[in-house]
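Chain and residue survey
In case you want the letters, here they are:
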Amino acid sequence: MMLENKSDPNNKPISFSFSGCGFMGLYHVGVASCLREYAPISLDTKFLGASAGSLAAASLVCDMPLGKIFIFVN
């Protein structure tokens, strides 16, 4: 995860929300992967999610790939 410099006054925290919908789970996997690689994630970033979206949000908060989370669930 990339941590941003908090001393910059123009740096505002970002929030990401993942909707709940079972068939969109694969979409959430792709979005979470791109966010992990390209998004400016800091300690102030907030993640929200419902249903399948909560798994994507949890993977980002815990800095764990979704594939490893599914191993623990099964």
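The structure we're discussing is the one just above.
What comes next concerns the included structure.

Scoring rules and cut-offs
Residues numbered from 1 in each chain as written. Predicted model: local features only at pLDDT ≥ 70, side-chain atom pairs only at ≥ 80, totals over all residues. Heavy atoms only, no water. Helix = DSSP H or I, 4+ residues; strand = E, 2+ residues; numbered from the N terminus. Areas by Shrake-Rupley, 256 points an atom, 1.4 Å probe, with all protein chains shown as cover. Salt bridge = Lys/Arg side-chain N within 4 Å of Asp/Glu carboxyl O. Buried < 20%, exposed > 50% of the residue type's maximum accessible area, 1.4 Å probe, protein only. Polar contact = N/O pair within 3.5 Å; in protein donor to acceptor, adjacent residues only side chain to side chain. Core = buried A, V, L, I, M, F, W, Y, C linked by side-chain atoms within 4.5 Å. Contact = heavy atoms within 4.5 Å. Phe/Tyr/Trp six-rings, centres within 6.5 Å; stacked < 30°, edge-to-face > 60°.

**Here we look at the overall build of the protein**
Each helix and strand counted, the protein has three helices and two strands in total. In sequence order, the secondary structure elements of the protein are arranged as β-α-β-α-α. Accessible surface computed for the protein: about 5100 Å², of which carbon and sulfur atoms make up 63%.

**Focus: the pattern of salt bridges**
For the coordinates displayed, the defined rule picks out one salt bridge. Among the ionic pairs, Arg36 bridges to Asp63, the shortest N-O distance being 3.6 Å. A residue pair is termed long-range when its members are at least 10 positions apart, and Arg36 in helix H1 (residues 25–38) and Asp63 in the loop between helix H2 (52–61) and helix H3 (66–73) qualify at 27 residues. With relative accessibility at 23%, the residue Arg36 sits in the partly exposed group.

**Points about the side chain of Ser42**
Along the chain, Ser42 falls in the loop between H1 and strand S2 (46–49). Here the side chain of Ser42 touches Asp44 through a polar contact of 3.2 Å, landing on its backbone nitrogen.

**With respect to the nonpolar core**
Counting eleven residues, the largest nonpolar core consists of Phe16, Phe18, Ala32, Leu35, Ala39, Ile41, Phe47, Ala56, Ala57, Leu60 and Leu66. Elements that contribute at least two residues to this core include exactly strand S1 (15–18), H1 and H2. Take this core: its biggest share by element is three residues, from H2. Leu66 has contacts with His28, Val29, Ala32, Leu55, Ala56 and Ser59, leaving out every residue within four places of it along the chain.

**Digging into the packing of aromatic side chains**
On inspection of all chains with the given rule, the structure shows one aromatic pair. Summarising the aromatic geometry, the rings of Phe16 and Phe47 are spaced 5.6 Å apart at their centres and angled 15° between planes, so their arrangement reads as stacked. Of this pair, Phe16 sits in strand S1 while Phe47 sits in strand S2, and the two are 31 residues apart along the sequence. Summarising the burial analysis for this pair, Phe16 and Phe47 share the class buried.

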